[in-house]
Every structure is written in structure tokens, then in C-alpha cells.
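Residue strings, one per chain:
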There are 2 protein chains.
Amino acid sequence: MGRVGATVGATGEAEILRRILSRLPASAAVVGPGDDAAVIAAPDGRVVATTDTLVHGPDFRLAWSTPFQLGWKAAAVNLADVAAMGARPTALLVALALPDETPAAFVEGLADGLAAACAELAPGCAVEGGDLTVSDTLTIAVTALGSLDGRDPVRRSGARPGDEVRVIGDLGIAARGLAVLFDRFSGPGGEPLPVTAAALGALAPDAAHAVSRQLAPRPPVAAGADAAAAGATAMMDVSDGLALDATRMAQASGVTLDLERSTLGEDAAAALTGGEDHALLLTVPPGTTSAGRRIGVVRERGAAALTVDGVAYERRGGWDPYRDWDAGRG
Amino acid sequence: MGRVGATVGATGEAEILRRILSRLPASAAVVGPGDDAAVIAAPDGRVVATTDTLVHGPDFRLAWSTPFQLGWKAAAVNLADVAAMGARPTALLVALALPDETPAAFVEGLADGLAAACAELAPGCAVEGGDLTVSDTLTIAVTALGSLDGRDPVRRSGARPGDEVRVIGDLGIAARGLAVLFDRFSGPGGEPLPVTAAALGALAPDAAHAVSRQLAPRPPVAAGADAAAAGATAMMDVSDGLALDATRMAQASGVTLDLERSTLGEDAAAALTGGEDHALLLTVPPGTTSAGRRIGVVRERGAAALTVDGVAYERRGGWDPYRDWDAGRG
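A quick note: this is a predicted structure, and the numbers were derived from the prediction, not measured. (Residues numbered from 1 in each chain as written. Chains lettered and ligands numbered in written order. Predicted model: local features only at pLDDT ≥ 70, side-chain atom pairs only at ≥ 80, totals over all residues. Heavy atoms only, no water.)

## A short note on the overall build of chain A
No. 1: Counting secondary structure elements, chain A contains 10 helices and 12 strands.
No. 2: The C-alpha atoms of chain A give a radius of gyration of 21 Å, which matches the 20 Å a tight globule of 330 residues would have.
No. 3: When the backbone C-alpha atoms are referred to their principal axes, chain A occupies close to 65 × 55 × 30 Å.
No. 4: Put simply, chain A has 330 residues, and 58% of those count as buried.
No. 5: Of the accessible surface of chain A, which amounts to about 12,300 Å², a share of 53% is contributed by carbon and sulfur atoms. (Helix = DSSP H or I, 4+ residues; strand = E, 2+ residues; numbered from the N terminus. Rg over C-alpha atoms; globule rule 2.2 N^0.38 Å. Buried < 20%, exposed > 50% of the residue type's maximum accessible area, 1.4 Å probe, protein only. Areas by Shrake-Rupley, 256 points an atom, 1.4 Å probe, with all protein chains shown as cover.)

Here it is in C-alpha cells:
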């Protein structure tokens, strides 16, 4: 079987690993890939560590995502979790479980996406280890490590009455992109249809932008450490929608977060319910001059953990990114 | 639906997470489970990090493994990789991808196995984070972190002519157990049959022991840091069989490893080819008084990377743990 069109199964593990490593940036670690484990610098004597998995079906569809976008997204969602602690990402470990019939070129595209996300979102962070196994279900499990560089971790439990509520990054864009995908790139039986360049070009520019952010989110990774340095009292990654994640922060902190609808853009409902943008939600002492845009204020805990303009927030409709997700896979 | 027999899908993510966490030992971390990321102590300014995944089908069969054994094995194989660098495991992150129809009790058993492996093999190491997702294929991706406590990492490339070759742990037992499983616990079509207590009791004691080590290996985790302290020059986890892994060490070090057949027990072929025991293979300066049992010597690189009693090793048969692995799944 020739190189073009060769599968992972026909190419073999050693050659697939060689191709992946050849596309990744040089190791920045004490010990990089190739031994039983990597050794990563943890300069202040602590390491931030998180893991997040993308599974074919629930988390992505091969008809919609390019391999590059998948690699990018797998890195980005983990880098965002490191940033949300106020840390600087230092290394990724990537465990790939691939069907034997996966094209070798797919894995190369995935490696390119991992490398690009590290280079653009977290310079200095590289893939320092991983694992390659066979599976019936394409699965990308990434672990991200990071350094607090001497700062305290910024937890979701630190919001205090009087703090301002702020956000850094997009709200509702990725969910709009998913709505466009379901609306414009699904067949009569709900099966996903390929997202071609021509079809993307036929979309309104903001719709095409939303699709690209759904498939390859750009979390404000560097802003996490900056916000910590500026004095953020609480911070978290907005992965499940602002309303749900703000409620979690309020509960962890024992306070009420009161959001201001006028700050949430033309479609406040979409900003409140749309997930997967991986913006940073944070609280800061009043008057902090940097660290995001104001969207509300922290109050003593009232009857509701989350209010909007002082009224208890009750979700009414809005886009649910998980609705119908299992209707078609491809 | 009542609690007994409830599935993961019916129970819901939050409740499944609560049950997992309730069965794990208390966090020993700066920040444990529940935030965007964990924060783990890295007392000497470096962290050892490795990831290894178990996938239903290629890596385990539900008819053969109990949930407890699966959790144990997922922890053990990762703890072994940390130990092989000469490090002390400090934390695990566990990413579970589960079919919706997985029984909730299965996840509880898995958590018990993770906890027991940490307690028995690596006291002080706990599960400090993780991820729970839906998948068609049951997948357990574990990341293990560790501390070198000021020592240099022991790489596979450090073997020097004149060093002794040593091993700590079993060779060939886990592969024998897999052979027993295929021989005694497979149906006429190759489908796996349940490993009941009664059926195990009917086996010869050494066969039953081999099965138990295949399903729940006991790598000599604490011995890794001890060997590093004793001066090991190279070390690695024996996961793919002594012959293959010793060849890898020889190639990484630019030397020849000459093994002594008389040291390999009654069935030297099984010791050379059987994988999955997760013994430690290491080299030490001659005369080192602790750190394993001698199985050979390091020589200047000759024509062959691996020799046995001075003769180039060529694998002839022996048990291949991956042969027929895809013949049946269950």
C-alpha cells in the first residue's frame, strides 16, 4: 500500500509515532518524548494539571471537523483549563485511540493542529508525551500541565461580595456555529454533511466565523495568567455556557452573581446559554483596571445563585449544544 | 429506575462523579478535584508525567476483568512508567469515556480499583482530577505524575559497558495468564467467557496466580525510586516483553545487552517474550548491592543489540500477547 491513502493499521505504530513527532515543535522539557515518561519543569514547586477528552460522536463529527481543527480543539480546550487557574501552559500529553482504518494523513493533520494551537495560544508549550492505541472509537485524550510562576491558583470559589464580574473572550459564538452546522450541514436523516470551503464561502461572514470558532475555538489562554497577576479573585473556563458556569462559580463561592443584560450584546440569551467558546469568567476587586470586560457584580448570597439585572435567572429555551447530538454521527 | 442496576446514562454525570469521588482517598494536592485543574506539589521543581490508555477490545475484555481489576490495572501500568524514571508517583488524572449503558456499579468498582492500586503500590498518590465523557467504546485514559525528589531521571539511554543488567519483578507471568484466559475462558467462536470464582478455583494455583497478574499486574513501583537512589544508570518498564524492551534499551544506550539464560528461570523463552508484567529492567554499576536480581551484563555495542549467553537473540515463537486479540470481544 502506498503512502497516499495508507491507514494507521497498515502504516504501523512506530512509523505513525515518527510522523507525529516530526510535525511537533522541539521538546522544551527536561526529558521529552521517547522514554517511559516525560520530565517537565515546574519552576515554583507546583504543577497545574488537567485532562479533557474528545470522543467521536458526542464531541465531534469527522464530516464537520478537519483533522487540523480536531487537533487544535483538543489542545485549546485543555489549555483553557490551565489558563482558568491563572497558570501558563507548559506541556501537553496526548493519548490517541484510533481505528485501524484511520488514514495516516489524518494523524498528521491532527499533529499539525496540536502544534499550531500550542504555538498560537501558548507559546513555549509543546507535546511532551503521549500514547497511541487501537480503538473502535476515535478518541483524543489530552492532559495539559502548567506553571503558576509563584502566584496563587485562582479558584472558582474566591468570588467576594463587591467584586466585579468580568469575562475575557467570546460568549455564544461557538454555539451559534454549532446551530449553523446542524441547520446547513445536516442531511435529511440528520447525518452530518461535509463542510467544504465552497459551502463555507456561501455563508454570511458572521455565520462562517461562528462555524470556525465552534470547530477550532480560540480561548484567551495568555489572559489567564495576566488576570491572576492583576488580582482576579475567582476564575473559570466557560465551557457549558455563561449561565451554568456562573451559577457554579456562585455556588462554589457562596455568593450571588448578578449579571447586567446590557453588557451581554444584542443576543443576551445566546451569550447566557451558548457553550464551548472557552471564554474566561472571572471576578476582580472593584476598580481593577485590566482583566476583561465587566458583565456584572458579586453580591451577598441571596435566594438565587445567579441573577440578571437583579432577577433570578431561569433558563428559557436557548440553544442546547448537546440536543440532538446523537442523531447522526459521521 | 432504582439504584441497583442503574446505568451511567440514567444516573447522570454529576451523580456518577459524586460516587467516584466518594470512593477515592482524600486529595493530597494543593488543589484537588472540582476546579478547572488540579494543582500538585512538585517539590524539586520538576514533574514526571506519563499517559497510558486502556481500550475495551484491544486492551481488556469485560468478560474477563472485573471493574476493580480494570481500575487497578489502569493505575498500575501508569504508576510503573513513573517508577521506571526513578520517580515517586504523586497524582493520577483519570479520563473515563463510557457507553451510556455502563452500569453505575461498574464505575464504582473501577474507582475502588484505582484507589486500591494507589494505596498498595504508591501510598500518597491519589486521583486528583479527571474527565467523564460518553463513548461507544469504554476507554480509560490515565495520566500519572511523579516527583524525582531531587534525583536525576533514570533514562533508558544510560546503560554503559561493564554495568550489570538487572530486573525487579516478574517476567512472563502475565503472558502466561493471558494464555490461560484464551485457553480456558474462550468459547468455540473465540468469544471470552466469564472468569468466575469457581472456574478460577478449578485451575492449578500457578495458573490462577498468572491470570490474576494478567488482570491486575503488581509492578514494583516503590523499587523504581530505590533503584535510582542506589545508582541505576538506565531503567525502563518491561511492558512488551524482556527481549523487545531490552533491545530498545540497548539501542537507546548504544550498547549490547547480554542476558544470561540461566538467570531467566525454568522457561527462559516465556521470560524473554512475555509482556505486561511491568517489571523494571535496569542497569547498575557492577557490585551495586541492592536494586534487583542480575540477569546479564552490558557490553560494547556489537553486531546485535541483544544477545543471550553471547549469541544474537532471534525471537522464535513464544507467546505473543497481541495475537488473536481481535478475535473476540466481550
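## Details of the packing of aromatic side chains
Each aromatic ring pair is specified by the distance between its two centres and by the angle formed by the two planes.
All names here are of chain B.
No. 1: Going through the model one piece at a time under the given rule, you end up with 4 aromatic pairs over all chains.
No. 2: Centroid distance Trp-64 to Phe-182: 5.3 Å. Interplanar angle 90°. Geometry classified as edge-to-face. Of this pair, Trp-64 sits in the loop between β2 (46–55) and α3 (67–83) while Phe-182 sits in helix α5 (residues 173–184), and the two are 118 residues apart along the sequence. (Phe/Tyr/Trp six-rings, centres within 6.5 Å; stacked < 30°, edge-to-face > 60°.)

## Focus on the interface of chain B and chain A
No. 1: The partner chain A presents 48 residues to the 48 residues of chain B that form the contact.
No. 2: For the pair chain B and chain A, the two sides together bury roughly 3,900 Å², of which 54% comes from carbon and sulfur.
No. 3: Of the charged contacts, one joins A:Arg156 and B:Asp35 as a salt bridge, the two residues approaching to 3.5 Å between their closest N and O atoms.
No. 4: For the side of chain B that touches chain A, the leading source of residues is β2(B), giving 9 residues.
No. 5: Of the residues that constitute the side of chain B that touches chain A, the class distribution is 26 nonpolar, 10 polar and 12 charged.
No. 6: Pairing analysis gives 4 bridges linking strand β2 (residues 46–55) of chain A to strand β1 (residues 38–41) of chain B, with the strands arranged antiparallel. Looking across to β1(B), one finds that A:Val48 is bridged to B:Val39. (Contact = heavy atoms within 4.5 Å. Buried area = accessible area lost by both parts, 1.4 Å probe. Salt bridge = Lys/Arg side-chain N within 4 Å of Asp/Glu carboxyl O. Nonpolar A, V, L, I, M, F, W, Y, C, P; charged D, E, K, R; others polar. Pairing = 2+ DSSP bridges.)

## Concerning the UniProt feature "binding site: ATP" (unreviewed entry) in chain A
No. 1: In the numbering used here, UniProt assigns the "binding site: ATP" (unreviewed entry) feature to A:Gly130, A:Asp131, A:Arg156 and A:Ser239. These annotated residues cover 110 residues of sequence, and their C-alpha atoms reach 31.4 Å apart at the extremes, leaving them scattered rather than at a single site.
No. 2: Looking at the element boundaries, A:Gly130 is found in strand β4 (residues 126–134).
No. 3: Ignoring anything within four residues of it in the chain, the contact list for A:Gly130 reads A:Val94 and B:Thr51.
No. 4: Along the chain, A:Arg156 turns up in the loop between β5 (139–147) and β6 (164–168).
No. 5: What makes A:Arg156 buried here is its relative accessible area of 14%.
No. 6: Once you skip the residues sitting within four places of it in the chain, A:Arg156 turns out to touch A:Ala234, A:Met235, A:Met236, A:Arg248, A:Met249, A:Ala252, A:Ser253, B:Gly34, B:Asp35 and B:Asp36. (UniProt positions renumbered as here; feature names shortened; annotations may be inferred.)

## What to know about the relation of the copies chain B and chain A
No. 1: Note on the copies: chain B fits chain A at an RMSD of 0.0 Å, the axial shift is 0.0 Å, and the rotation between them is 180°. On this basis, the relationship between the two copies can be described by a two-fold rotation axis. The position closest to the rotation axis in chain B is occupied by the C-alpha of B:Gly45, lying 2.3 Å away. (Least-squares fit on C-alpha atoms with pLDDT ≥ 70 in both.)

## Quick notes on the side chain of B:Thr137
No. 1: Secondary-structure assignment places B:Thr137 in the loop between β4 (126–134) and β5 (139–147).
No. 2: Polar side-chain contacts of B:Thr137 include one of 2.5 Å to the side chain of A:Thr137.
No. 3: Aside from chain neighbours lying at most four places away, what touches B:Thr137 is A:Ser135, A:Asp136, A:Thr137, B:Val55, B:His56, B:Ala97 and B:Pro99. (Polar contact = N/O pair within 3.5 Å; in protein donor to acceptor, adjacent residues only side chain to side chain.)

## Quick look at the UniProt feature "binding site: Mg(2+) 4" (unreviewed entry) in chain A
No. 1: What UniProt calls "binding site: Mg(2+) 4" (unreviewed entry) maps, in this numbering, to A:Asp36, A:Thr50 and A:Asp81. In three dimensions, the annotated residues from a span of 46 residues occupy distinct locations, with a maximal C-alpha spread of 25.8 Å.
No. 2: Within the secondary structure, A:Asp36 is located in the loop between α2 (13–23) and β1 (38–41).
No. 3: Given the relative accessible area of 8%, A:Asp36 is considered buried.
No. 4: At a separation of 3.4 Å, a polar atom in the side chain of A:Asp36 contacts the side chain of B:Arg156.
No. 5: Along the chain, A:Asp81 turns up in helix α3 (residues 67–83).
No. 6: The class for A:Asp81 is buried, based on a relative accessible area of 9%.
No. 7: When residues no more than four places from it in sequence are discounted, the contact partners of A:Asp81 are A:Thr50, A:Asp52, A:Asp237, B:Asp36 and B:Ala37.

## Considerations on the environment of B:Lys73
Residues and elements named next belong to chain B.
No. 1: Tracing the sequence through the fold places Lys-73 in helix α3.
No. 2: For Lys-73, a relative accessible area of 5% corresponds to the buried category.
No. 3: A C-alpha to C-alpha distance of 6.3 Å links Lys-73 and Pro-217, two positions 144 residues apart in sequence.
No. 4: Those residues in contact with Lys-73 that lie beyond four places of it in its chain are Leu-54, Gln-214, Leu-215, Pro-217 and Glu-276.

## Regarding empty space enclosed by the protein
All names here are of chain B.
No. 1: Using the criterion set out here, one finds 4 cavities of 30 Å³ or more in the structure.
No. 2: Volume-wise, the largest cavity comes out at about 70 Å³.
No. 3: Within the residue set of the lining of the largest cavity, elements represented by two or more residues are α5 and α7 (205–215).
No. 4: Of the residues contributing to the lining of the largest cavity, the split by class is 6 nonpolar, 2 polar and 3 charged. (1 Å grid on protein atoms, 1.4 Å probe; cavity = no way out; pocket = protein on both sides within 12 Å on 5 of 7 lines; lining within 4 Å. Points joined across faces, edges and corners; volume = space filled by probe spheres on them.)

## Observations concerning the sheet that holds β1(A)
No. 1: Ordered in space as β1(A)-β2(B)-β5(B)-β3(B)-β4(B), the 5 strands form an open sheet in which the pairing is mixed. Of all strands in the sheet, those with a lone pairing partner are β1 of chain A together with β4 of chain B, marking the two edges. Adjacent strand axes in the sheet meet at a mean angle of 20° when their direction is disregarded.
No. 2: Pairing between β2(B) and β5(B): 8 bridges, direction antiparallel. Looking at the pairing, B:Val55 lines up with B:Thr139 of β5(B). (Axes fitted to C-alpha atoms, helices over the stretch in contact; angles between N-to-C directions.)

## Brief notes about the sheet that holds strand β10 (residues 293–300) of chain A
Residue and element names in this part refer to chain A.
No. 1: Reading across the sheet, the 7 strands line up as β7-β9-β6-β10-β8-β11-β12 and stay open at both edges, with mixed pairing between neighbours. A strand with exactly one partner marks an edge of an open sheet, and here the two such strands are β7 (234–238) and β12 (311–312).
No. 2: Sheet topology note: the β6/strand β9 (residues 279–284) ladder contains 5 bridges and is antiparallel. Residue pairing for β9: Ile-168 is matched across the bridge by Leu-280.
No. 3: Helix α9 (residues 242–253) rests against β7, β8 (255–259), β9, β10 and β11 (306–308) of the sheet, and its axis sits at about 150° to β7.

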